[in-house]
Amino acid sequence: MISARRLGPEDWEIWRGLRLRALDQAPEAFGTTLEEAVGADSPSHWRAALEGAMTGFVVEDDGVPAAIGRLLIEVDPDAPVELISVWVDPAHRGRGLGRALIAAALDHLAARRPGTRLRLAVVETNAPARRLYESCGFAVIGPNPEDDAELLMEHAGAR
Ligand SMILES: CC(C)(COP(=O)(O)OP(=O)(O)OC[C@H]1O[C@@H](n2cnc3c(N)ncnc32)[C@H](O)[C@@H]1OP(=O)(O)O)[C@@H](O)C(=O)NCCC(=O)NCCS
């Protein structure tokens, strides 16, 4: 069974375990390096990754934590919310965990900030991620002005 839930700061060890594996397994997909994360490795660092503007999610596959992602929700209600840090354990890919993660994030946003634009940045050549996002209702809105290699996508239902 696939089930998604929120991760609070008290869940930092789950987040740490999966995030370090993500940075090791798919370094090309993320702006943070494994070395940076290991260099900052402390309970307070990992707690901070799941509080304040950051809302974390995990997806479990038959009770095994296997996918993560976060929403970055700025205090400014007019600012677009960002979906970041999306990763699925390779052993659990192609089973709908990515889709379940995005559904949980969209549900959370609809409850907390209905009508808010949801954006993300994706490496242009990352075909699996682009297909996942497109299949969940995101569309490319242009290049990422902060990174030549990336595109910005926005959730169609929120535009
Ligand atoms: C991209 C990623 C999150 C997909 O996770 P996943 O759990 O395998 O995705 P799902 O099983 O939920 O797939 C949902 C849809 O995404 C698309 N998709 C997923 N993997 C794909 C692949 N390898 N090739 C083409 N399309 C793919 C398909 O449209 C799929 O729908 P379908 O199964 O009905 O065809 C995963 O491959 C991953 O973690 N990649 C490395 C990290 C990364 O790139 N993160 C994104 C950073 S922006």
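Parameters and conventions
- Residues numbered from 1 in each chain as written.
- Predicted model: local features only at pLDDT ≥ 70, side-chain atom pairs only at ≥ 80, totals over all residues.
- Heavy atoms only, no water.
- Pairing = 2+ DSSP bridges.
- Helix = DSSP H or I, 4+ residues; strand = E, 2+ residues; numbered from the N terminus.
- Axes fitted to C-alpha atoms, helices over the stretch in contact; angles between N-to-C directions.
- Contact = heavy atoms within 4.5 Å.
- Core = buried A, V, L, I, M, F, W, Y, C linked by side-chain atoms within 4.5 Å.
- Buried < 20%, exposed > 50% of the residue type's maximum accessible area, 1.4 Å probe, protein only.
- Phe/Tyr/Trp six-rings, centres within 6.5 Å; stacked < 30°, edge-to-face > 60°.
- Lys NZ or Arg CZ within 6 Å of the ring centre and 35° of its normal.
- Parallel < 35°, antiparallel > 145°, perpendicular 65-115°, else oblique.
- Left-handed = near helix turned anticlockwise from the far one by under 90°.

Going by an unreviewed UniProt entry, the chain carries the name N-acetyltransferase and comes from Brachybacterium endophyticum.

**Student:** Lay out the sheet that holds strand 3 (residues 64-72) with the relevant residues and their values.
**Tutor:** The strand order 1-2-3-4-5-7-6 describes an open sheet built from 7 strands, whose pairing is mixed. Unpaired on one side and paired on the other, strand 1 (2-7) and strand 6 (138-144) mark the two borders of the sheet. Neighbouring strand axes in the sheet, compared pairwise and without regard to direction, differ in orientation by 30° on average. Strand direction decides the pairing type here: strand 5 (residues 118-123) and strand 7 (residues 147-155), joined by 5 bridges, are antiparallel. The residue of strand 7 that forms the bridge with Arg119 is Glu154. Here helix 4 (residues 97-112) sits on the sheet in contact with strand 1, strand 2 (54-61), strand 3, strand 4 (81-88), strand 5, strand 6 and strand 7, set at roughly 140° to strand 2. Those strands touched by helix 5 (residues 127-135) are strand 4, strand 5, strand 6 and strand 7, and its axis lies near 160° from that of strand 5.

**Student:** Describe in detail the nonpolar core, supporting the description with residues and values.
**Tutor:** With 26 residues, the main nonpolar core has Leu71, Leu83, Tyr133 and Phe138 as its most contacted residues. At the level of elements, strand 2, strand 3, strand 4, helix 4, strand 5, helix 5 and strand 7 are the ones that each hand at least two residues to this core. If one sorts the elements of this core by residue count, helix 4 sits on top with 6 residues. Those residues in contact with Tyr133 that sit more than four places away from it in its chain are Leu83, Val86, Ile102, Leu120, Val122, Phe138 and Met153. In terms of nonpolar packing, the next biggest core, distinct from the first, is built from 16 residues, Ala49, Leu50, Val58 and Trp87 among them.

**Student:** Tell me about the packing of aromatic side chains, residues and numbers included.
**Tutor:** Tallied over the entire structure, the rule returns 1 aromatic pair. Taking the centre distance of 5.8 Å and the plane angle of 65° together, the rings of Tyr133 and Phe138 count as edge-to-face. Under the relative-accessibility criterion, Tyr133 is labelled buried at 8%. The residue whose ring lies beneath Arg19 is Phe30, and the NZ or CZ to ring-centre distance is 5.2 Å.

**Student:** If you had to explain the packing of helix 4 against helix 5 to someone new, which residues and values would you point to?
**Tutor:** Contact pair helix 4 / helix 5: the axes reach a minimum separation of 10 Å and the direction vectors enclose 50°. On the basis of the axis angle, helix 4 is oblique to helix 5. For the pair helix 4 and helix 5, the crossing hand works out as right-handed. Residues Gly98, Arg99 and Ile102 of helix 4 form the contact with helix 5, whose own contacting residues are Leu132, Tyr133 and Ser135.

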